[in-house]
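What the coordinates show
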Amino acid sequence: MTPLLQVEGLRTHFFTRAGVVKAVDDVSFAVDRGEVLGLVGESGSGKSITGYSIMGLVDPPGRIVAGSIRLDGREIRELDAESMRRLRGNRMAMIFQDPMMTLNPVLRIDRQMTEAILAHDDVSRATALERARDALGRVGIPSPDERLRAYPHQFSGGMRQRVAIAIALLNGPDLVIADEPTTALDVTIQGQILYEIQKLAREAGTALVWITHDLSVVAGLADRVCVMYAGRIVEQGTTAQVLDAPLHPYTQGLLDSVPSRNARGARLRQIAGMTPSLVDLPDACAFRERCDRADGACGEAPPMRVAGGDPGRGARCHHPLVPWPCP
């Protein structure tokens, strides 16, 4: 079966005066209908730019320089602006980390939501309003009829984020890319949103790419996980494989830094050093300066190696935690 979303060899570079920033460097993954893929890593690892690239939202000096992005078998990377506009908000949608990137501060919520519906669906305004009200209710906004008549500045940050999530889900998209959408929400509302997202994926067959640094969210939400570092996917597999038996030292470092995995009263473990500059990054293992397993072989960039004959399980590492060939 053809995956709903298939990304192959994606490279998105930013051409700056300081040099070429390889924000996304040879990223490949696929997402099936109804599947939730977690894209995890530190800030600056390229997670969000991967999402923006798929949505066609990379502005100069950034540019997709190579790779393929196929939605339901259709290549969308070279589509013109109007064709992409018809896709965005309809068949594919993105939930941004900052809700003010989604909401217009001078328009009421009802107008913003109904315009998102009417731009892609030939229905009456009354029907659009009803769909908008139902969407606000699904994301836990009380008194949705009253809230529809409010402006964004009349909502708290968490409430604005819930409105942004509701707008993304209005037209029942085939693909949703969520860029840390629950960061500003309290735990109770976060749980409600995650439940609705899982329900959407399960019942409507919506594919979801969940971008986050929160491994606890990924553990309870995602079917598969891709770990990114310095613009590349360094490990991939099912959620259980990656979180329970990591192959890459970087993945292990992320897990070790989670407070719940440390002994009570013990100092938190952390990954030594800082993420490297992505300006003219050398063709070597980007993690080698922070890795206690690094040696001379790490002066060459490791390929993505398949583990145990499973094409969906692998890592980019010369010295994985389980020696090659990994089971």
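Residues numbered from 1 in each chain as written. Predicted model: local features only at pLDDT ≥ 70, side-chain atom pairs only at ≥ 80, totals over all residues. Heavy atoms only, no water.

1. Regarding helix α6 (residues 157–169)
Compared with an ideal rise of 1.5 Å per residue, which puts 13 residues at 18 Å, α6 spans 19 Å between its outermost C-alpha atoms and is within 8% of the ideal. Most of α6 sits inside the fold, with 12 of its 13 residues counted as buried. Those residues of α6 that are buried lie in contact with β6 (92–95), α3 (109–118), α4 (125–138), α5 (144–148), β7 (175–179) and α7 (187–204). (Helix = DSSP H or I, 4+ residues; strand = E, 2+ residues; numbered from the N terminus. Expected span 1.5 Å × (residues − 1). Buried < 20%, exposed > 50% of the residue type's maximum accessible area, 1.4 Å probe, protein only. Contact = heavy atoms within 4.5 Å.)

2. Observations regarding the packing of α6 against α7
In the contact formed by α6 and α7, the axes pass within 12 Å of each other and the chain directions differ by 5°. Taken together, the axes of α6 and α7 are roughly parallel relative to one another. On the side of α6, the interface is formed by R162, I165 and L169, while α7 contributes I189, I193, I197 and L200. (Axes fitted to C-alpha atoms, helices over the stretch in contact; angles between N-to-C directions. Parallel < 35°, antiparallel > 145°, perpendicular 65-115°, else oblique.)

3. Overview of the packing of aromatic side chains
A complete count under the given rule lists 4 aromatic pairs for this structure. Ring geometry for Y250 against F287: centres 5.4 Å apart, planes inclined by 65°, an arrangement best described as edge-to-face. Of this pair, Y250 sits in helix α10 (residues 249–256) while F287 sits in the loop between α10 and β11 (305–307), placing them 37 residues apart in sequence. Across this residue pair, the class does not change: Y250 and F287 are buried. Among the aromatic residues, ring-to-ring pairing joins Y229, Y250 and F287 into one connected group. (Phe/Tyr/Trp six-rings, centres within 6.5 Å; stacked < 30°, edge-to-face > 60°.)

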